[in-house]
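Okay, here's what each chain looks like letter by letter:
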Amino acid sequence: MSVDAVKRERLRVNEIFHSLQGEADSVGFRTVFVRLTGCPLRCRYCDTEYAFHAGDWHDLDSVLESVRKFDATHVCVTGGEPLAQPNCLKLLERLCDRGFHVSLETSGALDIAAVDTRVARVVDVKTPGSHESARNRIENFDLLHARDQLKFVICSREDYDWSKEFLREHGLTQRCGILFSPSYSEVSPTALAEWILEDRLPVRFQLQLHKILWGDTPGK
Ligand code: SF4
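Residues numbered from 1 in each chain as written. Predicted model: local features only at pLDDT ≥ 70, side-chain atom pairs only at ≥ 80, totals over all residues. Heavy atoms only, no water.

A.B. asks: Please clarify how the overall build of the protein chain should be interpreted in this entry.
C.D. replies: When its secondary structure is counted, the protein chain shows six helices and nine strands. Since a compact globule built from 220 residues should have a radius of gyration of about 17 Å, the 17 Å found for the protein chain is in line with a globular shape. For the protein chain, contacts bridging at least 24 residues in sequence account for 69% of all contacts bridging at least 6. For the protein chain, the computed accessible surface area is about 10,700 Å², with 50% contributed by carbon and sulfur atoms. For the protein chain, the distance from the average site of its 28 positive side-chain charges to the average site of its 33 negative ones is 4 Å. (Helix = DSSP H or I, 4+ residues; strand = E, 2+ residues; numbered from the N terminus. Rg over C-alpha atoms; globule rule 2.2 N^0.38 Å. Contact = heavy atoms within 4.5 Å. Areas by Shrake-Rupley, 256 points an atom, 1.4 Å probe, with all protein chains shown as cover. Lys, Arg positive; Asp, Glu negative; His and termini not counted. Charge placed at Lys NZ, Arg CZ, Asp CG, Glu CD.)

Take a look at the structure:
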């Protein structure tokens, strides 16, 4: 392979670590997280700002080797915004080829069309409380499969009402799983649970398991 070809297969990686999946359908499974550097968004509540700029370049083979060493069946590619690096698509494909259960956490602002269909895509819908709701890429909704999930982080009662209306307006509950999470330390989990029950919403309430276990500790 030429030097240029090798360069084209590199990724800037913030961290690779081993933890329990804290969210979405694979919650509780031992999972290797590959956190890629960089994000074009600036959500008000972001808890991974350390991934905006810091990271080292690795070729895809070395990333795959690091993942393999943890001896886990689940891998989650996250960020930052992992799709901001085009080689993320190759990484996802190769992880699937090696038989891992692969999930992708993405902001919902970038095109998900080219993501390998074997990947479970967890796509954010940015609420007004994030200050990034103008970035939601509505065209992504038509691309969602049953194994994908849309995630709303609810920062207030206003965010909850907005999300309820957004689900109705775009017919989203028919497309894939819908996750509602309370924004950590902003909305009482109990209040959000009560709102969902009161409105009989067809959504799945979730708490971030890793935050309950380890708080904001990076690499967990
Ligand atoms: S999309 Fe994710 S990583 Fe990017 S600023 Fe928002 S919360 Fe942080």
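A.B. asks: Got a minute to help me understand the packing of aromatic side chains in this structure?
C.D. replies: Two measures describe an aromatic ring pair: the distance that separates the ring centres and the angle between the ring planes. Per the counting criterion, the structure on display carries seven aromatic pairs. Aromatic side chains F141 and F166 sit 5.9 Å apart centroid to centroid with 85° between the ring planes, which places their arrangement in the edge-to-face category. Linking F141 in the loop between strand 6 (120–125) and strand 7 (149–154) with F166 in helix 4 (residues 157–170), this pair joins segments that are 25 residues apart in sequence. F166 matches F141 in its accessibility class, with the two residues each being buried. For the pair Y160 and F180, a centre-to-centre distance of 6.1 Å together with 90° between the ring planes defines the contact as edge-to-face. Separated by 20 residues along the polypeptide, Y160 in helix 4 and F180 in strand 8 (residues 177–182) bring together distant segments of the chain. (Phe/Tyr/Trp six-rings, centres within 6.5 Å; stacked < 30°, edge-to-face > 60°. Buried < 20%, exposed > 50% of the residue type's maximum accessible area, 1.4 Å probe, protein only.)

A.B. asks: Would you mind going over the state of the cysteines with me for this structure?
C.D. replies: Working definition: the covalent bond between the sulfur atoms of two cysteines is a disulfide. Counted by the stated rule, this structure contains zero disulfides. We note that C88 lacks a disulfide partner, and the nearest cysteine sulfur, in C76, lies 10 Å from it. Classification of C88 as buried rests on a relative accessible area of 0%. (Disulfide = S-S within 2.5 Å.)

A.B. asks: Help me out: how do you make sense of the sheet that holds strand 4 (residues 74–78) in this one?
C.D. replies: Whether parallel or antiparallel, the strands of a sheet pair through hydrogen bonds between backbone atoms. As summarised here, the arrangement of the nine strands in space is 3-1-2-4-5-6-7-8-9, forming an open sheet in which the pairing is mixed. Pairing within the sheet leaves two strands with one partner each, and these edge strands are strand 3 (56–59) and strand 9 (204–205). By the bridge criterion, four bridges tie strand 6 to strand 7 in an arrangement that is parallel. Directly across from V123, in strand 7, lies its bridge partner L150. (Pairing = 2+ DSSP bridges.)

A.B. asks: Honestly, the side chain of E132 in this entry has me stumped. Any pointers?
C.D. replies: Turning to its location among the elements, E132 is positioned in the loop between strand 6 and strand 7. For E132, a relative accessible area of 11% puts it in the buried group. Side-chain polar atoms of E132 contact the backbone nitrogen of R42, separated by 2.6 Å. Those residues in contact with E132 that lie beyond four places of it in its chain are L41, R42, C43, K126 and T127. (Polar contact = N/O pair within 3.5 Å; in protein donor to acceptor, adjacent residues only side chain to side chain.)

A.B. asks: Which parts of the structure should I look at to understand the pattern of salt bridges?
C.D. replies: Close approach of charged atoms allows side chains of opposite charge to pair. According to the stated counting rule, one finds 19 salt bridges in the structure shown. Two residues, R94 and E9, come together in a salt bridge whose shortest N-O distance is 2.9 Å. With R94 in helix 3 (residues 88–97) and E9 in the loop between helix 1 (3–8) and strand 1 (10–20), this residue pair connects regions lying 85 residues apart in the sequence. Classification of R94 as partly exposed rests on a relative accessible area of 21%. For E9, a relative accessible area of 16% puts it in the buried group. Members of the salt-bridge network, linked through shared partners, are E9, D61, K90 and R94. (Salt bridge = Lys/Arg side-chain N within 4 Å of Asp/Glu carboxyl O.)

A.B. asks: Sorry, what's going on with the site of the ligand here?
C.D. replies: All residues adjacent to the ligand are C39, L41, R42, C43, C46, T48, F52, G80, S107 and K126. More than half of the atoms of the ligand fall within 2 Å of the grid points belonging to the largest pocket. For the shell around the ligand, the per-class residue count stands at five nonpolar, three polar and two charged. (Near = heavy atom within 4 Å. 1 Å grid on protein atoms, 1.4 Å probe; cavity = no way out; pocket = protein on both sides within 12 Å on 5 of 7 lines; lining within 4 Å. Sits in = over half its atoms within 2 Å of the grid points. Nonpolar A, V, L, I, M, F, W, Y, C, P; charged D, E, K, R; others polar.)

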